[in-house]
Amino acid sequence: MLIDISQEVFSCKVYPGDPKPEQSRLQSTANSGLYNLTAFSMCAHNGTHIDAPFHFLDDGKTVDRMGLVPFVGDCYVARHEGDVTGEDAAAILEKARALCAAERILLAGNLTVTAEAARVFADAKIQLIGNESQTIGPEDAPMEVHLILLGAEVALLEGIVLTDVEEGKYFLSAAPLNLAGCDGAPCRAFLMK
């Protein structure tokens, strides 16, 4: 079973202050064109996307230098509401380890990853953490959580849709577009059960 966990790009949530995705039809068969041709523009962090360490760290890896390993493999989906504390993070990791799925953690629900939780995840040397919000940390002050996770080279998968996904182990595919020199990239993320 495949479960699409990506937002549709042109109607996606946008982080406050980021430009919204836009499209324009360059050619149209409805207007006597030989084919349909669309151009689009968007921020690398619109919709379902990944953050590379370069997003917050000048010497951090860019998208094209991250490779695909963090974005493809077994993962654990955990449901949570409110702040994810250090204690919560440790409990989530314990459940994920029991299922051999602790390298990639996806967090479902209306939640905020705290700095304490970020340290627990970073110390565990996970490869990726994902969440439904457009940012991994508090929306009004995301820098500290980003610095902790990206500084430990934990890939971030933001803006996923886990509304109907149950807790448990899945296989994740969330490969980003190969954008040389970029701090983030959109991706089409899905789970296999």
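Residues numbered from 1 in each chain as written. Predicted model: local features only at pLDDT ≥ 70, side-chain atom pairs only at ≥ 80, totals over all residues. Heavy atoms only, no water.

K.L.:
When you look at the pattern of salt bridges in this model, what are you seeing that I'm missing?
P.N.:
Any two side chains of opposite charge can pair, given that their charged atoms come close. Under the criterion given, the structure shown has 6 salt bridges. Among the salt bridges present, the one from Lys95 reaches Glu167, with a minimum N-O distance of 4.0 Å. Within this pair, whereas Lys95 is found in helix α1 (residues 86-98), its partner Glu167 is found in the loop between β10 (155-158) and β11 (168-173), the two being separated by 72 residues in sequence. (Salt bridge = Lys/Arg side-chain N within 4 Å of Asp/Glu carboxyl O. Helix = DSSP H or I, 4+ residues; strand = E, 2+ residues; numbered from the N terminus.)

K.L.:
Looking at this model, I keep getting lost on the environment of Asn36. Mind explaining?
P.N.:
Mapped onto the fold, Asn36 is located in the loop between β2 (22-27) and β3 (37-41). Counting along the chain gives 11 residues from Asn36 to Arg25, while the straight-line C-alpha distance between them is 7.4 Å. Dropping the residues within four chain positions of it, Asn36 is found in contact with Arg25, Gln27, Ser28 and Thr29. Polar contacts involving the side chain of Asn36 include one to the main-chain amide nitrogen of Thr29, which spans 3.0 Å. (Contact = heavy atoms within 4.5 Å. Polar contact = N/O pair within 3.5 Å; in protein donor to acceptor, adjacent residues only side chain to side chain.)

K.L.:
What is the right way to look at the packing of aromatic side chains in this model?
P.N.:
For any pair of aromatic rings, geometry is given as the distance between the ring centres together with the angle between the planes. Inspection of every chain in the model, using the stated rule, returns 1 aromatic pair. Between Phe10 and Phe40, the aromatic rings sit 6.4 Å apart at their centres with planes inclined by 80°, giving edge-to-face as the arrangement. With a gap of 30 residues between them, Phe10 in the loop between β1 (2-4) and β2 and Phe40 in strand β3 connect regions that are remote in the sequence. Lys193 extends its terminal NZ or CZ atom over the ring of Tyr170, reaching a point 4.6 Å from the ring centre. (Phe/Tyr/Trp six-rings, centres within 6.5 Å; stacked < 30°, edge-to-face > 60°. Lys NZ or Arg CZ within 6 Å of the ring centre and 35° of its normal.)

K.L.:
Would you mind going over the packing of helix α2 (residues 115-123) against helix α3 (residues 143-151) with me for this structure?
P.N.:
Packed helices, taken two at a time, are described by the angle their axes make and the gap between the axes. Relative orientation of the contacting elements α2 and α3 amounts to 5°, with a least axis distance of 9 Å. On the basis of the axis angle, α2 is roughly parallel to α3. Where α2 abuts α3, its residues Ala115, Ala118, Arg119, Phe121 and Ala122 lie against Glu144, Val145, Ile148 and Leu149. Tallied by class, residues from the contact of α2 with α3 come to 7 nonpolar, no polar and 2 charged. (Axes fitted to C-alpha atoms, helices over the stretch in contact; angles between N-to-C directions. Parallel < 35°, antiparallel > 145°, perpendicular 65-115°, else oblique. Nonpolar A, V, L, I, M, F, W, Y, C, P; charged D, E, K, R; others polar.)

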